[in-house]
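If you want the building blocks of each chain, they are given just below.
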Amino acid sequence: MEGQVLTQTPAERPRSDTQTPSRSRLPDWHGLLYSPFLWSVLGCIVLAAISAAVLPTVPSYDPWAWISWGREVTDPHLGFTVTGGPSWKPLPVVFTTIWGLFGSTAAPTLWVITARAGGLLGIVAAYLLASRLIRGPRWAKVAAGLIAGAGIVITQAWWNEMFRGTSEPLEIATALWAVLAFLDGRRGWAFAFGVATSLLRPEAWPLVIVYAVWLWFKEPRLRVPVVLGLFSIPFFWFVPPWVGSGQPFLAAVHAEDYNGGLGSDRLFGVLGRGIDIQLLPVLLASVVAAVFAWFDKPRDWLLLSLAGATVVWWVIVVGMTLDGYPGLERFYLPAAGMTCVLAGVGIVRLAQLGASVVPSGRTAVGIGLTAVLVAITIPWVGSRINQASAEYHTANQAVTRLNQMTAAVAAVGGHAGVFPCKSSFAAVNHSVQTALAWKLHVTLGRVGTTMRHQGVMFVGPHDSIDGIAPPIDHRLTQQQFIAQVGAWKMYRMTAPGSDTRCVGR
């Protein structure tokens, strides 16, 4: 009946005995070649590469750290150390280690292309999943998919994350493709996507562990990949920081050290961020989808399960926040992606319900009602569109600022001029510390966000791009101006009577 949501189990296709084993291996390469995933990946990589050529392309603070750590893995002149930067995140460093082999010029751009391709894959997955959850005519499936994809695009700070190469949009992709793979009967691939999500966000661990237990009993042939996948999660999260800092739980320590600006009431603060990350109409429409699923005859347990998993993610984020983690908005992103999918279903189901009461012309009425329901969200969508425009301007400024930093590094003699000794030190505005470390070809610990030792200080504007200028230790009272390039001023900071032989320029 038109308007009824499809209650689905993993896609059932005729299988011969010879086909069954191939579906239970991880990965099923033959099946992948005939799935939408490969072609989606190829298309998104092409679009991401084009975007790198025509749009402002420069990583932000965390991505520069991942790029630097990737170079440290393969560069024999650098030691591998993960101190002095943001929290460790395994999956991006897997990519940046490979991209580091392509040289200092290509590696940052290759990572941004990777991150953007992941973000686009999230949109594709949202479209495919929402259209799959609707039973009815073609227009309903297309409408639900388009609404879900649009919801991803207007998610809070999505444009900033796409412009600046963060991993958050990629989290949406891995989470949603895990669900799609499961519905396709590719349970091994679903687990692989779940592991990828777990290597981006620790909130995914409980869900992946539960799924792994289910797979252990349901798919005996997957037991070895399941064990390897589960082992890879703690290995990549804890062993590299242990090697690079002597502290296996460094990521957790860094996260807990940053309070996230939640205010006096952490519970209400983190809940507010969960609500704010997607538009209020999107959140309400997702609830509508769950209500339809509950009252369907029979109940749509698939859709209810997806809604339940979204709530579980919220509970995990809130619980970790109350335990001391910062509770940033981006921690909700995989749940926000699923919320957009549910919203596409909810809006189209409402339109189908309205169309079902007319005796004829149900398609035209359904499409019209869908358009009306989407139009109601315009007052909320407008602010996000303005935000996207502002992010484009900010990214343009960031590119200009980075180009000026490159010239500033050359003006002070590059690596040799700033670091004449192994103990030499430099400092810079907080938000570009990791970028300067990359430009100077040193580990992050040798570039500070405070001028705590004698050395060369780079000072840029105090804004959203560069952050605050480095505070200066009270002992460093001798300041010698070196040069200015664009917005950047460089100084030689020393203490009276100290040995300055290892102080650059």
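All of these numbers come straight from a predicted model, not from anything done at the bench.

1. Let's talk about the pairing of strand 3 (residues 455-459)
So, point 1. Taking burial as the measure, the five residues of strand 3 include five buried ones, the bulk of the element.
So, point 2. Pairing between strand 1 (residues 426-427) and strand 3: two bridges, direction parallel. By the bridge assignment, Ala 427 is partnered in strand 3 with Met 457.
So, point 3. Of the strand pairs in this sheet, strand 3 and strand 5 (residues 488-494) are connected by five bridges, and their pairing is antiparallel. Bridging across to strand 5, Met 457 finds its partner in Tyr 491.

2. Comments concerning the state of the cysteines
So, point 1. Per the stated rule, a full pass over the model turns up one disulfide.
So, point 2. Here Cys 421 engages in a disulfide with Cys 502; their sulfurs sit 2.2 Å apart. For the disulfide bridge between Cys 421 and Cys 502, the dihedral angle about the S-S bond is near -80°, and by the sign convention the bridge is left-handed. Of the two residues, Cys 421 sits in the loop between helix 20 (414-418) and strand 1 while Cys 502 sits in the segment after strand 5, which places them 81 residues apart along the sequence.
So, point 3. Accessibility expressed as a relative area gives 23% for Cys 421, which makes it partly exposed.
So, point 4. Since its relative accessible area comes to 28%, Cys 502 is described here as partly exposed.
So, point 5. Cysteine Cys 44 remains unbridged, with the sulfur of Cys 340 as its closest cysteine sulfur at 16 Å.
So, point 6. We classify Cys 44 as buried; its relative accessible area is 5%.

3. Here's the deal with the packing of helix 17 (residues 333-355) against helix 18 (residues 362-376)
When two helices pack together, their arrangement is captured by the angle between the axes and the distance separating the axes.
So, point 1. At their nearest, the axes of helix 17 and helix 18 sit 8 Å apart, and the two run at 135° to each other. Between helix 17 and helix 18, the angle is such that the two are oblique. Judged by the sense of rotation from one axis to the other, the crossing of helix 17 with helix 18 is right-handed. In contact with Ile 347, Leu 350, Ala 351, Gly 354 and Ala 355 of helix 17, helix 18 contributes Arg 362, Val 365, Gly 366, Leu 369, Thr 370, Leu 373 and Val 374.
So, point 2. Grouping the amino acids of the contact of helix 17 with helix 18 by side-chain chemistry returns eight nonpolar, three polar and one charged.

Definitions and cut-offs
Residues numbered from 1 in each chain as written. Predicted model: local features only at pLDDT ≥ 70, side-chain atom pairs only at ≥ 80, totals over all residues. Heavy atoms only, no water. Buried < 20%, exposed > 50% of the residue type's maximum accessible area, 1.4 Å probe, protein only. Helix = DSSP H or I, 4+ residues; strand = E, 2+ residues; numbered from the N terminus. Pairing = 2+ DSSP bridges. Disulfide = S-S within 2.5 Å. Axes fitted to C-alpha atoms, helices over the stretch in contact; angles between N-to-C directions. Parallel < 35°, antiparallel > 145°, perpendicular 65-115°, else oblique. Left-handed = near helix turned anticlockwise from the far one by under 90°. Contact = heavy atoms within 4.5 Å. Nonpolar A, V, L, I, M, F, W, Y, C, P; charged D, E, K, R; others polar.

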